[in-house]
Amino acid sequence: MKITVNDSSKDVPEGLTITQLLALEKVKMPAMVSVQVNGAIVERDAFATTRVRELDCVDFLYFMGGGGEVR
Amino acid sequence: MHTPARNLETALIHSGSRPDESTGATSPPIAQSTAFAYGSAEDIEAVFAGRDAGFVYSRIANPTVADFELRMTVLEDGLAAIAVSSGMAAISALTLALVGSGDEIIAGSSVFGGTYSLFQHTLSHLGVRVRFIDPTRPEALREAISDATRMVFVETIGNPKLDVPDLMALAAIAHERGVPLVVDNTVTTPLLVQPRRFGADLVIHSTSKFINGHGNAIGGIIVDTGAFNWSNPRFPRLAPFHERVGQFALIAALRNRFCRDLGCCLSPFNAFLMSMGMESLGVRLERHCGSASTVAAFLATHPAVDEARYPGLPSHPGHVLARCQFGGRYGAVVTLRLGTRERCFRFINALKLAKNLTNLGDTRTLVIHPASTICRDLNAEERSAMGVSDDLIRFSVGLEHTADILEDMDGALRAL
């Protein structure tokens, strides 16, 4: 089925969970990623049970970087 | 939160980064680098935008520090953690993230002198009101908490009063009013208690103490247990972060605003020393607690000692609660009273093994006279609330052979 991950179109197996999607996408530092599906945040405890559906928009958001480094 | 290893003693050793893929090295590399280069402008933009994982500047995040943060998150069974330059930096940054002018903090009256000074003296002129309560009386919290309260702060065992608050009772009252409970777990560590299990929302450590364990690096950490909902209207500054990253709102706010702006970063080398030190926390704590228990029993019955205090002594008013909260072990800090300041000084000067310095949780047995040192800037009323009298001595019992520790103390007591 087709979904969007961070604005890129992806073909993924049916019934994929968020946990499985993170592994499939080889997401770096999965402990530091926040996940939104269609604009709604998925709580961490629900990663293993939340399944993506056809045409879902998934966003992986980090808060590791960012901000100006030179002051 | 995280899939735990079978026991924490195992997690201490195996919860860091995996062995290096190219070399198999099991110790984390020390990324002693100020900044991190990217192959393209798009790649670094993605990291700044939060669309990709990566490190940009070590004041904000660093791989070696991240390894330590992960270890502490697992140890506290938390959601996420951010490491900073000291325990006081942890308390300061967290307070500034949660509390503003016109807001209120409620703190235990027996908190460590540095924490007291931060709340009472440093923050008060910024318009932050602080109320100190007896942390062993939950009803005192119920009476004190108000619509202006933004956090309740206690230590698992007061330093050096050694009082033991009922964490679950305090958490229940704080949560009734929508206020987070912050617990300083420095003196006990997660091996004695995971405050999350008793309702704590945030846990801080001075990792300079037992986590490091060797007296060679200063550091601190803030762990978000994930229990508190940061969309709470008491915290409007966190709203934009909550909108973006949900339950990570506070950690994201600390990472990308407060700690970033304060610049209270932990050095990569200190993070490495923390990670290495904590791997042996299991065996160290076993020895610390065992020896402390023996020392406390010895001092409690010694004719030269007016009073010995240790949560593990049945005579301690919080002993039953401590047994429940800390699983039958009571830490390494023991205090005694010798009657006068002069006797205290003679005793300390006669010790040959214990080191006279201000720290806790070293491999060495440590001793200090709080009234003339770490608490000397406080007035009489403040010292009394902290349980600091002129004749009080505090020990952090170390890892030497118990018989040698006892022989040292016995010899010094005979010199009185």
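Computed from a predicted structure; not experimentally measured.

Definitions and cut-offs
Residues numbered from 1 in each chain as written. Chains lettered and ligands numbered in written order. Predicted model: local features only at pLDDT ≥ 70, side-chain atom pairs only at ≥ 80, totals over all residues. Helix = DSSP H or I, 4+ residues; strand = E, 2+ residues; numbered from the N terminus. Buried ≥ 20, exposed ≤ 12 C-beta atoms within 10 Å, placed from the backbone. Contact = placed C-beta atoms within 7 Å. Rg over C-alpha atoms; globule rule 2.2 N^0.38 Å. Pairing = 2+ DSSP bridges. Axes fitted to C-alpha atoms, helices over the stretch in contact; angles between N-to-C directions. Nonpolar A, V, L, I, M, F, W, Y, C, P; charged D, E, K, R; others polar. Expected span 1.5 Å × (residues − 1). Left-handed = near helix turned anticlockwise from the far one by under 90°. Parallel < 35°, antiparallel > 145°, perpendicular 65-115°, else oblique. Domains from an automatic or database assignment. pLDDT = per-residue confidence, 0-100. Core = buried A, V, L, I, M, F, W, Y, C linked by C-beta atoms within 7 Å.

Right, let's get into the overall build of chain A. When helices and strands are counted, chain A shows one helix and five strands. Along chain A, helices and strands appear, N-terminal first, in the series β-β-α-β-β-β. The buried share of chain A, reckoned over its 71 residues, is 25%. A fraction of 60% describes how many contacts in chain A between residues 6 or more apart in sequence connect residues 24 or more apart.

With that settled, the discussion passes to the overall build of chain B. For chain B, the helix and strand inventory stands at 16 helices and twelve strands. Taking 2.2 N^0.38 as the reference for a compact globule, 416 residues should give roughly 22 Å; the C-alpha atoms of chain B span a radius of gyration of 22 Å, in line with that estimate. Considered along the principal axes of its C-alpha atoms, chain B spans approximately 75 × 55 × 35 Å. Within chain B, the proportion of its 416 residues that are buried is 55%. Within chain B, contacts between residues separated by at least 24 positions form 73% of all contacts whose residues are at least 6 apart in sequence.

Turning to the sheet that holds strand β2 (residues 104–108) of chain B, a few remarks are in order. All names here are of chain B. Here we have seven strands laid out as an open sheet, ordered β1-β7-β6-β5-β4-β2-β3, and mixed in their pairing. At either end of the open sheet lies a strand with only one pairing partner, and these are β1 (80–84) and β3 (129–133). Averaged over all pairs of adjacent strands, the angle between their axes in this sheet comes to 20 degrees, without regard to strand direction. Taken together, the four bridges between strand β4 (residues 149–155) and strand β5 (residues 181–184) define a ladder with parallel strand orientation. Bridge assignment links Val152 to a residue of β5, and that residue is Leu181. Across the face of the sheet, helix α3 (residues 63–75) comes into contact with β1 and β7 (220–224) while running at roughly 130 degrees to β1.

Another point: the interface of chain B and chain A. For interface size, the figure often reported is the accessible area lost on association. Counting residues at the interface gives 26 residues for chain B, matched by 17 residues for chain A. Elements supplying a minimum of two residues to the side of chain B that touches chain A: α2 (41–48), α9 (239–245) and α10 (249–262) of chain B. In terms of residue count, the dominant contributor to the side of chain B that touches chain A is α10(B) (five residues). Of the residues contributing to the side of chain B that touches chain A, the split by class is 15 nonpolar, five polar and six charged.

All right, on to helix α16 (residues 402–414) of chain B then. Across its 13 residues, α16(B) extends 18 Å between first and last C-alpha, which sits within 8% of the 18 Å expected from 1.5 Å per residue. Each element contacted by the buried residues of α16(B) is listed here: α12 (281–300) and α14 (341–350) of chain B.

In this section: the packing of α3(B) against helix α11 (residues 268–278) of chain B. Residue and element names in this part refer to chain B. As a packed pair, α3 and α11 sit with axes 8 Å apart at the nearest point and diverge in direction by 35 degrees. Considering how the two elements wind past one another, α3 and α11 form a crossing that is left-handed. Each of Thr64, Val65, Asp67, Phe68 and Arg71 in α3 lies in contact with α11, whose residues at this interface are Pro268, Ala271, Phe272, Met274, Ser275 and Met278.

Attention now moves to the sheet that holds strand β1 (residues 2–5) of chain A. Residue and element names in this part refer to chain A. Pairing in this open sheet of five strands is mixed, and the strands run β2-β1-β5-β3-β4 from one edge to the other. Among the strands making up the open sheet, the edge pair consists of β2 (8–11) and β4 (40–42). Pairwise comparison of adjacent strand axes, ignoring direction, gives a mean angle of 35 degrees for this sheet. In terms of strand pairing, strand β3 (residues 33–37) meets β4 through three bridges, oriented antiparallel. Residue pairing across strands places Gln36 opposite Ile41, the latter belonging to β4.

All names here are of chain B. In contact at an axis separation of 10 Å, helix α4 (residues 87–98) and α10 are set at 115 degrees when each is read in the N-to-C sense. Between α4 and α10, the angle falls in the class roughly perpendicular. You can see that α4 and α10 cross each other, and the crossing is right-handed. For the pair formed by α4 and α10, the contact residues are Ala93, Leu96 and Ala97 on the first element and Leu250, Ala253, Leu254, Phe258, Cys259 and Leu262 on the second. Looking at the contact of α4 with α10 residue by residue, the class counts come to nine nonpolar, no polar and no charged.

All names here are of chain B. Considered domain by domain, chain B is made up of domain 1 (8–30 + 61–278) and domain 2 (281–414). Taken together, the contacts link 31 residues of domain 1 with 34 residues of domain 2. Per-element tally for the side of domain 1 that touches domain 2: the top contributor is helix α8 (residues 189–192), with three residues. By residue class, the composition of the side of domain 1 that touches domain 2 is 16 nonpolar, ten polar and five charged.

Let us now look at the confidence of the model for chain A. Residues and elements named next belong to chain A. When the pLDDT values of chain A are averaged, the result is 83; 89% of them are 70 or greater. When mean pLDDT is taken per element in chain A, β1 scores highest with 94 and β4 scores lowest with 87. A low-confidence stretch, residues 66–71 (pLDDT under 50), is modelled with ten contacts involving residues beyond four sequence positions or located in other chains.

Glancing now at helix α5 (residues 113–122) of chain B. An α-helical turn contains 3.6 residues, so a residue and the one three or four places further along point in the same direction. Inspection of α5(B) places B:Gly113, B:Thr115, B:Tyr116, B:Leu118 and B:Phe119 among the buried residues, and these make up the whole buried set. Of the surrounding elements, those touching the buried residues of α5(B) are α4, β2, β3 and α15 (380–385) of chain B.

A general trend in soluble globular proteins is that nonpolar side chains are found buried together. In terms of nonpolar packing, the biggest core is built from 148 residues, with B:Val84, B:Ala93, B:Leu94, B:Val152, B:Ile222, B:Leu254 and B:Val334 touching the most fellow members. In contact with B:Leu94, other than residues within four places in its own chain, are B:Val182, B:Leu202, B:Ile204 and B:Ile222.

Successive side chains on a regular strand alternate, one facing one side of the sheet and the next facing the other. All names here are of chain B. The buried fraction of β1 is high, at five of five residues. Residues of β1 alternate between two faces, with Ala80, Ile82 and Val84 on one and Ala81 and Ala83 on the opposite face, all of them buried. Here β1 runs beside β7; their pairing, made up of five bridges, is antiparallel. Paired with Ala83 across the bridge in β7 is Ile221.

Okay, unusual backbone geometry next. The omega torsion across B:Asn159 and B:Pro160 is 5 degrees, close enough to zero to call that bond cis. Looking at the element boundaries, B:Pro160 is found in the loop between β4 and α7 (167–176). One non-glycine residue, A:Lys26, lies in the positive phi region at around 50 degrees. With respect to the helices, strands and loops of the structure, A:Lys26 is situated in the loop between α1 (18–24) and β3. Classification of A:Lys26 by C-beta neighbours within 10 Å gives exposed; the count is 7. The backbone of B:Asp77 shows a phi angle near 50 degrees, a positive value even though the residue is not glycine. Relative to the helices and strands, B:Asp77 resides in the loop between α3 and β1.

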